Amino acid sequence: MKYEVVIGLEVHAELSTQSKAFCGCSTKFGAAPNTQCCPVCIGMPGVLPVINKKALEYTIKAGLALNCRIARYTKMDRKNYFYPDLPRACQISQYDVPVCQNGYLDIVVNGQTRRIGINRIHLEEDAGKLLHDQYADSTLVDLNRSGVPLIEIVTEPDLRSAEEAKVFLETLRSILRYIDVSDCKMEEGSLRCDVNISVRPEGQKEFGVRTEMKNLNSFRAVYRAIEYEANRQISILEEGGTVLRETRRWDDSAGKSFSMRAKEHAQDYRYFPEPDLPPIEIDDEWVEEIRKQIPELPAQKQRRYVEEFGLPEYDAGILTSSRDLADYFERCVKLYENPKTISNWLMGDFLRLVNEKNIEISDVPVTPENLVKLFKLIDSKVISGPIAKTVFEEMFDTGKDPEAIVEEKGLKQITDRDELVKVIKKVLAENPKSVEDYKNGKKKALGFLVGQTMKATKGKANPQLVNEILLEELEK
Ligand SMILES: Nc1ncnc2c1ncn2[C@@H]1O[C@H](COP(=O)(O)OP(=O)(O)OP(=O)(O)O)[C@@H](O)[C@H]1O
Ligand SMILES: [Mg+2]
Ligand SMILES: [Mg+2]
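Given the structure is predicted, the values throughout are model-derived calculations rather than measurements.

### Regarding the overall build of the chain
- Each helix and strand in the chain was counted, giving 15 helices and 16 strands.
- Over its C-alpha trace the chain gives a radius of gyration of 30 Å, far above what one expects of a compact globule, namely 23 Å for 476 residues.
- In terms of overall dimensions, the chain has a C-alpha envelope of 95 × 55 × 55 Å along the principal axes.
- Counting over 476 residues, the chain shows a buried share of 47%.
- Excluding contacts between residues fewer than 6 apart, the proportion of contacts in the chain whose partners are at least 24 apart in sequence is 69%.
- Here the chain has roughly 24400 Å² of accessible surface; of this, 50% comes from carbon and sulfur atoms.
- Averaging the coordinates of the 68 positive side-chain charges in the chain and doing the same for the 77 negative ones gives two points 3 Å apart.

### Focus on the coordination of the magnesium ion (ligand 3)
- Surrounding the magnesium ion (ligand 3) are the protein donor atoms E10 (OE), E10 (OE) and E212 (OE), at 2.1 to 2.4 Å.
- The metal-metal distance between the magnesium ion (ligand 3) and the magnesium ion (ligand 2) comes to 3.8 Å, with E10 coordinating both. You can see E10 sitting in strand β1 (residues 3-14) and its partner E212 sitting in strand β12 (residues 211-216), a full 202 residues away along the chain.
- Among the residues examined, E10 registers a relative accessible area of 15% and is labelled buried.
- For E212, a relative accessible area of 4% puts it in the buried group.

### Here's the deal with the pairing of strand β7 (residues 112-125)
- Bridge analysis of strand β6 (residues 100-109) against β7 gives nine bridges, and the strand direction is antiparallel. Each bridged residue has a counterpart across the sheet, and for G103 the counterpart in β7 is I118.
- Linkage of β6 to β7, two consecutive antiparallel strands, is achieved through a turn of two residues, within which N110 is found at a positive phi near 50°.
- When β7 meets strand β10 (residues 149-155), the two strands line up antiparallel, connected through seven bridges. By the bridge assignment, I118 is partnered in β10 with T155.

### Things to note about the site of ligand 1
- E10, T155, P157, S198 and K214 are the nearest of the 20 residues found near ligand 1.
- Here a nitrogen atom of ligand 1 sits 2.7 Å away from a polar atom, N or O, in the side chain of S198.
- Contacts to ligand 1 include E212, whose side-chain N or O atom sits 3.2 Å from an oxygen atom.
- Burial of ligand 1 by the surrounding chains reaches 81%, relative to a free accessible area of 640 Å².
- Of all the secondary structure elements, the ones that give two or more residues to the shell around ligand 1 are β1, β10, β11 (191-201) and β12.
- In terms of residues, the shell around ligand 1 owes the most to one element, β1, which gives four residues.
- For the shell around ligand 1, the class distribution of residues is seven nonpolar, five polar and eight charged.

### Brief notes about the side chain of E152
- Residue position: E152 is located in strand β10.
- One buried charged side chain, E152, makes no salt bridge at all; its nearest oppositely charged neighbour is R120, positioned 4.4 Å away.
- Only 2.9 Å separates the side chain of E152 from the side chain of H12, close enough to count as a polar contact.
- Not counting chain neighbours up to four residues away, the residues in contact with E152 comprise E10, V11, H12, R120, I121, H122 and E124.

### Here we look at the nonpolar core
- Within the largest apolar cluster, 109 residues are counted, with the highest numbers of intra-cluster contacts made by L9, F168, V195, F350 and F392.
- It is helix α2 (residues 162-178) that contributes the most residues to this core, nine residues altogether.
- Each of two domains, domain 1 (3-289) and domain 2 (295-409), supplies a minimum of three residues to this core.
- Setting aside residues up to four positions removed in sequence, F392 forms contacts with W345, D349, F350, L353, V366, L371 and L374.
- Counting residues in hydrophobic clusters, the runner-up holds 19 residues, among them L428, V435, Y438 and M454.

### Let's talk about the packing of helix α7 (residues 323-335) against helix α9 (residues 368-379)
- Two elements in contact, α7 and α9, have axes separated by 9 Å at closest approach and are oriented at 50°. When the interaxial angle is binned, α7 and α9 end up oblique. Handedness of the α7/α9 crossing: right-handed. Contacts between α7 and α9 involve Y328, R331, C332 and L335 from the former and P368, E369, L371, V372 and K376 from the latter.

### Observations regarding the domain arrangement of the chain
- For the chain, the assigned domains read domain 1 (3-289), domain 2 (295-409) and domain 3 (417-475).
- Each of domain 2 and domain 3 was reduced to a C-alpha centroid, and the two centroids are 34 Å apart.

### Observations concerning the environment of R72
- In this fold, R72 is placed in the loop between β2 (69-70) and β3 (73-74).
- You can call R72 partly exposed: its relative accessible area is 36%.
- In this structure, the C-alpha to C-alpha distance between R72 and V97, residues 25 residues apart in sequence, is 10.0 Å.
- Apart from residues lying up to four places away in sequence, R72 is in contact with I280, E281, I282, D283, D284 and V287.

Conventions and cut-offs
- Residues numbered from 1 in each chain as written.
- Chains lettered and ligands numbered in written order.
- Predicted model: local features only at pLDDT ≥ 70, side-chain atom pairs only at ≥ 80, totals over all residues.
- Heavy atoms only, no water.
- Helix = DSSP H or I, 4+ residues; strand = E, 2+ residues; numbered from the N terminus.
- Rg over C-alpha atoms; globule rule 2.2 N^0.38 Å.
- Buried < 20%, exposed > 50% of the residue type's maximum accessible area, 1.4 Å probe, protein only.
- Contact = heavy atoms within 4.5 Å.
- Areas by Shrake-Rupley, 256 points an atom, 1.4 Å probe, with all protein chains shown as cover.
- Lys, Arg positive; Asp, Glu negative; His and termini not counted.
- Charge placed at Lys NZ, Arg CZ, Asp CG, Glu CD.
- Donors = N, O, S within 2.8 Å, 3.2 Å for Na, K, Ca; no water.
- Pairing = 2+ DSSP bridges.
- Near = heavy atom within 4 Å.
- Polar contact = N/O pair within 3.5 Å; in protein donor to acceptor, adjacent residues only side chain to side chain.
- Nonpolar A, V, L, I, M, F, W, Y, C, P; charged D, E, K, R; others polar.
- Salt bridge = Lys/Arg side-chain N within 4 Å of Asp/Glu carboxyl O.
- Core = buried A, V, L, I, M, F, W, Y, C linked by side-chain atoms within 4.5 Å.
- Domains from an automatic or database assignment.
- Axes fitted to C-alpha atoms, helices over the stretch in contact; angles between N-to-C directions.
- Parallel < 35°, antiparallel > 145°, perpendicular 65-115°, else oblique.
- Left-handed = near helix turned anticlockwise from the far one by under 90°.

Okay, here's the thing in structure tokens:
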């Protein structure tokens, strides 16, 4: 029998506000443990939280970017549970009236557009962090993260494969970064994902029983967890068994999921309206103001790049995957008439070095002005293509002007015929075997001789001219 996999995601994104959701403490990542907390965010009795307007604004912004309906009346609720990283024993969250509802996100998988429903987006606070590794016999708690604003984005069960889930997360991350509400750094925990998954025989209308895996923190883990869990459920059904509704833990190093707790023992969160915070009214004017701040989003931008610059869909997709990269491209395109050349460099050496050196695009020291200068040096044949790559590497390290690098290192292309003839004569004299091979019809020997000439000139010879002169000399 064939089975269909059904997936729904709950994505938690930490908002990039300066201060926490209900107090003025800093949200900066990486500070010494417990140095960014106050009585409010560590849940002392008698304190009064005050909502961070920016956090609410970012939640609305995310909702608008994901085509949601924005509530005009909303409130915060208490979600009660006990865990050592939550000193107040309750989390301020939202229950029945989330800020955003009924949205969608279009994703493109294998060339096909799929519309994934967004059930809701609500605002809540993060918990602290438990550190288990320092001592064998005790666990430490760091409350710097406690009270950092989070949005939870809940999808409809519309995803149908690990691949779709991965593309959904990539597309979502790109949008959240474009609108600047979260840095979405999975390695710092600012984007985390719960995966709900069920399977059903193909053609069946009713959903199967779902399991949930919480807090996956890489796209790779999400992908592998879905593949594993789908297969596990299918095997159970094939053997005539039933899938249990349960929360499972994904162990990425083992590549397996393990049962944590059955849903029958699930927590009763005893939600009730947060008595310390008044209900919130959101007026049209504010929503419209926020809507105006939303920039052109990646999918629109990609379409525009294809139409306006004649770029292939693939190039446009990569260039618009991050707003910084797209901005960089657009600054170059204003200075240089050939968009495809720019795109090739950005997708090639530029992104290669960004990845190798593991830096942000905003920290790349090469200015668009200097990159375009490099193109012009190639166009005017001052330097050859291979030399341009070396020059670019140095620009990437030092931020220097390419003209200065070419000057300093004497990298100008040799286009002087007499000079090249001299070099080539020497190369031919040193490689009599290849010359003979060529004359005996082994045309491949020419390539070797071109290579030797380039080597002798340290890559600076003009390749066309080298070919031309070599042929002349060999015909003599
Ligand atoms: N049959 C199903 N198969 C796969 N996913 C499902 C199925 N039914 C619902 N889901 C998904 O499960 C998720 C439910 O998330 P939601 O936050 O509403 O509740 P929860 O998981 O029960 O509670 P909690 O927030 O405490 O984890 C949604 O992403 C939804 O799309
Ligand atoms: Mg949830
Ligand atoms: Mg859940």
